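Residues per chain, in single letters:
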Amino acid sequence: MGDLSFAAVLSAFWLTIQLALFSAVGALVLGTIIAVMRVSPVRVLQMLGTWYVNTFRNTPLTLLMVFGILGATYTLGINLAPSSINDNNFRWAVVMLSVYHAAFVCEALRSGVNTVPAGQAEAARAMGLTFGQTMSQVILPQAFRGAIAPLGSTLIALIKNTTVAAVIGNQEAAGLMSETVENQGSSIGIFLIFALGFVILTLPLGLLFTSMSRRLVVKR
Amino acid sequence: MSTSVLFDAPGPRARRRHALLALLGLVIAVGVLFLVLRKMSAAGQLQKDLWTPFFTAEAWTQYLLPGIWGTFKAALISMVLAGIFGIVFGMGRLSHVTAVRWVSGVVVEFFRAVPVLIMMIFFFGVYAQNNVFNSELNPLAAVVTGLTLYNGSVVAELVRSGVYSLPRGQSEAGVSIGLTPSQVLRSIELPQALTAMLPALIGQMVVVLKDSALGYAITYLELLTWSKTLGSAYANTVPAYIVAAVLFITMNYLMTVLARQAEQRLSRRGRTTLPGVATAPTGGDVEPVPTGGIGGWSG
């Protein structure tokens with residue numbers, strides 16, 4: 001109750017940042033594995049990767065979050081932090097954010113690979129480069145540059161999507177806002193505080209990724 | 001995948017290695033599936049009577065169909081309003097009046113940067129306090145407002161990049177026959193941009209359908225909320241969420257297929273289409289449009 005203190009807003013956004021950081025790492029690791037599976041020459045791995053992407057890209061993140069608590073924790077008994085309800089909520093939020101965004105990371109990486117013309121690999125092989133050399137010297141450097149822009153939008157989407165963690169009781173930005181609205185009523189001031197917080201978090205990142213993808217674009 | 005950039009046609013040794021990797025992948029996948037099923041059976045979630053309700057008419061007429069209807073209702077209204085919002089502000093961003101361009105730019109960038117849930121919570125509070133709609137309609141109105149503002153801004157960016165993707169000759173020809181810049185925009189560029197946008201617009205519907213599940217947080221009765229109710233009514237929480245997920249995936253997958261068909265139909269007619277938010281990653285070798293600024297998918 002009482003007024004919305006600056007310290008409360010800061011600590012809520014600190015939780016938002018923590019959620020974003022842990023989930024970004026998780027999504028990057030998992031997404032890279034799925035991407036490798038999808039571009040691999042092995043049919044079975046391709047199919048598993050495609051299944052993963054189609055499943056998690058088309059499921060609402062809200063459903064995954066709610067399932068983490070009501071389904072996994074309470075019904076299946078998979079408690080990620082038995083000693084603390086808050087920690088369990090936080091960890092499930094990180095898991096679900098990672099699982100969900102891994103599908104988008106995978107597609108971002110794959111679209112980076114797709115920007116590389118087949119002629120590049122053909123030329124590299126014609127020159128006598130081995131598979132490893134072709135990958136490390138020719139294909140992957142170009143593919144990563146092509147993936148910067150979509151990876152950037154995925155990271156920004158992830159930061160915004162950390163708000164969904166509020167539906168399972170995490171006191172991050174959206175959680176604090178919803179509590180404040182309940183206690184004090186909704187006002188444009190409260191909205192602007194939280195909205196601007198996200199603008200501050202995402203705007204510089206957006207500019208950074210746009211300028212990076214422009215600077216590093218492969219001229220063709 | 002036959003003309004993959006990454007790999008040569010496999011020889012006998014590579015083929016053996018691939019078979020080994022395939023086996024490994026299968027073993028891991030089956031292992032994960034086994035773990036999930038064991039966990040579910042340990043919690044008694046595989047019992048037949050938890051799953052049989054889904055084959056009764058009651059579960060569908062009382063819970064799931066109202067849920068699907070709630071999700072679709074919110075998504076459809078939002079998409080129509082987002083289309084209008086997007087065309088207005090997209091044209092605003094292309095206006096030759098600097099002030100209009102600036103204001104539209106700030107509005108679009110702002111609503112793309114703010115999470116949809118934050119907007120929904122805010123508008124739900126505003127509508128409830130001021131009795132803007134009756135108490136039954138308030139959650140729907142808040143969901144629609146949030147979805148419209150965010151997705152409208154995305155559509156505005158689509159309009160803008162759609163117009164930018166047209167050949168210069170189009171506007172030059174318009175100007176040379178004596179049209180004003182705004183006439184060129186309205187009668188030459190916009191109609192072509194909208195056609196090019198169509199697949200991306202249908203793809204955006206996937207985002208809207210998924211995001212409507214955020215209504216769960218503000219008591220809007222959509223598929224996720226109804227599935228939760230169903231889960232407590234039949235005491236089958238886990239099966240209820242799995243069925244809800246399958247329904248969501250099916251709806252969204254159908255939308256993706258529709259978007260791809262629209263894309264193919266347009267390209268058969270010799271039109272170029274815009275790689276969309278949801279279709280771009282699967283669109284093969286098209287390069288994503290550098291829209292710049294902030295954006296991306298939402299949950």
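Residues numbered from 1 in each chain as written. Chains lettered and ligands numbered in written order. Predicted model: local features only at pLDDT ≥ 70, side-chain atom pairs only at ≥ 80, totals over all residues. Heavy atoms only, no water.

Engineer: Help me get a handle on helix H5 (residues 116–130) of chain B, residues and values and all.
Structural biologist: Between the first and last C-alpha of H5 of chain B there are 21 Å, a value that for 15 residues agrees with the 21 Å anticipated at 1.5 Å per step. Counting buried positions along H5 of chain B yields 11 of 15 residues, so the element is predominantly enclosed. Along H5 of chain B, the residues that are buried comprise Val-116, Leu-117, Ile-118, Met-119, Met-120, Ile-121, Phe-122, Phe-123, Gly-125, Val-126 and Tyr-127 of chain B. In this structure, the buried side of H5 of chain B is in contact with helix H7 (173–184) and helix H8 (188–215) of chain A together with helix H4 (98–113), helix H6 (138–164) and helix H8 (181–211) of chain B. Immediately beyond the C-terminal end of H5 of chain B, within one or two residues, lies Asn-131 of chain B, with a positive phi of roughly 45°. (Helix = DSSP H or I, 4+ residues; strand = E, 2+ residues; numbered from the N terminus. Expected span 1.5 Å × (residues − 1). Buried < 20%, exposed > 50% of the residue type's maximum accessible area, 1.4 Å probe, protein only. Contact = heavy atoms within 4.5 Å.)

Engineer: Residue-level account of the UniProt feature "transmembrane region" (unreviewed entry) in chain A, with values.
Structural biologist: In the UniProt entry, the feature "transmembrane region" (unreviewed entry) is given for residues 12–37, 58–78 and 188–210 of chain A. Counting secondary structure, residues 188–210 of chain A comes out at 100% helix and 0% strand; the distance between its end C-alpha atoms is 31 Å. (UniProt positions renumbered as here; feature names shortened; annotations may be inferred.)

Engineer: Report on the interface of chain A and chain B, specifying residues and quantitative values.
Structural biologist: Contacts between the two partners involve 69 residues from chain A and, on the opposite side, 61 residues from chain B. Counting the surface lost from both chain A and chain B, the interface buries some 5800 Å², and carbon and sulfur atoms represent 73% of this. Looking at the side of chain A facing chain B, the largest losses of area belong to Asn-58, Lys-160 and Phe-191 of chain A, adding up to 11% of the total buried there. Connecting chain A to chain B are 0 salt bridges. Our count for the chain A to chain B interface comes out at 5 residue pairs in polar contact (both at pLDDT 80 or more). Secondary structure elements with two or more residues in the side of chain A that touches chain B: helix H1 (6–39), helix H2 (43–57), helix H3 (61–73), helix H4 (85–114), helix H5 (118–126), helix H6 (131–161), H7 and H8 of chain A. Per-element tally for the side of chain A that touches chain B: the top contributor is H8 of chain A, with 11 residues. (Buried area = accessible area lost by both parts, 1.4 Å probe. Salt bridge = Lys/Arg side-chain N within 4 Å of Asp/Glu carboxyl O. Polar contact = N/O pair within 3.5 Å; in protein donor to acceptor, adjacent residues only side chain to side chain.)

Engineer: Describe the pattern of salt bridges, naming the residues involved and giving the relevant values.
Structural biologist: Side chains carrying opposite charge are able to pair once their charged atoms draw close together. A complete count under the given rule lists 9 salt bridges over all chains for this structure. One salt bridge in this structure joins Arg-110 of chain A and Glu-107 of chain A, with 3.3 Å as the shortest N-O distance. With Arg-110 of chain A and Glu-107 of chain A both in helix H4 and 3 residues apart, this pair spans about one turn of that helix. Judged by relative accessible area, Arg-110 of chain A falls into the buried class, the value being 10%. Glu-107 of chain A sits in the buried class, given a relative accessible area of 1%. For Arg-168 of chain B, the salt bridge is made with Glu-172 of chain B, and the minimal N-O distance between the two is 3.2 Å. Note that Arg-168 of chain B and Glu-172 of chain B are positioned in helix H7 (residues 168–176) at a spacing of 4 residues, about one turn of the helix. Arg-168 of chain B sits in the exposed class, given a relative accessible area of 65%. Where salt bridges share partners, they join Arg-93, Glu-109, Arg-112, Glu-157 and Arg-160 of chain B into one cluster.

Engineer: Any details on the packing of H2 of chain A against helix H1 (residues 12–42) of chain B? Residues and values, ideally.
Structural biologist: Closest axis-to-axis distance for the H2 of chain A/H1 of chain B pair is 7 Å, and the angle between their directions is 35°. Packed against H2 of chain A, whose contacting residues are Val-44, Leu-45 and Leu-48 of chain A, the element H1 of chain B presents Leu-21, Ala-22, Gly-25, Leu-26 and Ala-29 of chain B at the interface. For the contact of H2 of chain A with H1 of chain B, the class distribution of residues is 7 nonpolar, 1 polar and no charged. (Axes fitted to C-alpha atoms, helices over the stretch in contact; angles between N-to-C directions. Nonpolar A, V, L, I, M, F, W, Y, C, P; charged D, E, K, R; others polar.)

Engineer: Tell me about the nonpolar core, residues and numbers included.
Structural biologist: The tendency in soluble globular proteins is for nonpolar side chains to be buried side by side. In this structure, Met-65, Met-177, Phe-191 and Phe-194 of chain A together with Val-114, Ile-118 and Met-119 of chain B are the most contacted members of the largest nonpolar core, which totals 125 residues. When residues in this core are grouped by element, the largest group, 14 residues, is from H4 of chain A. Residues in contact with Met-119 of chain B, not counting those within four places in the same chain, are Phe-191 of chain A together with Phe-111, Val-114, Gly-146, Leu-149 and Tyr-150 of chain B. Formed by 9 residues, the second largest nonpolar core is a distinct cluster that contains Val-39, Ala-121 and Met-135 of chain A together with Leu-6 of chain B. (Core = buried A, V, L, I, M, F, W, Y, C linked by side-chain atoms within 4.5 Å.)

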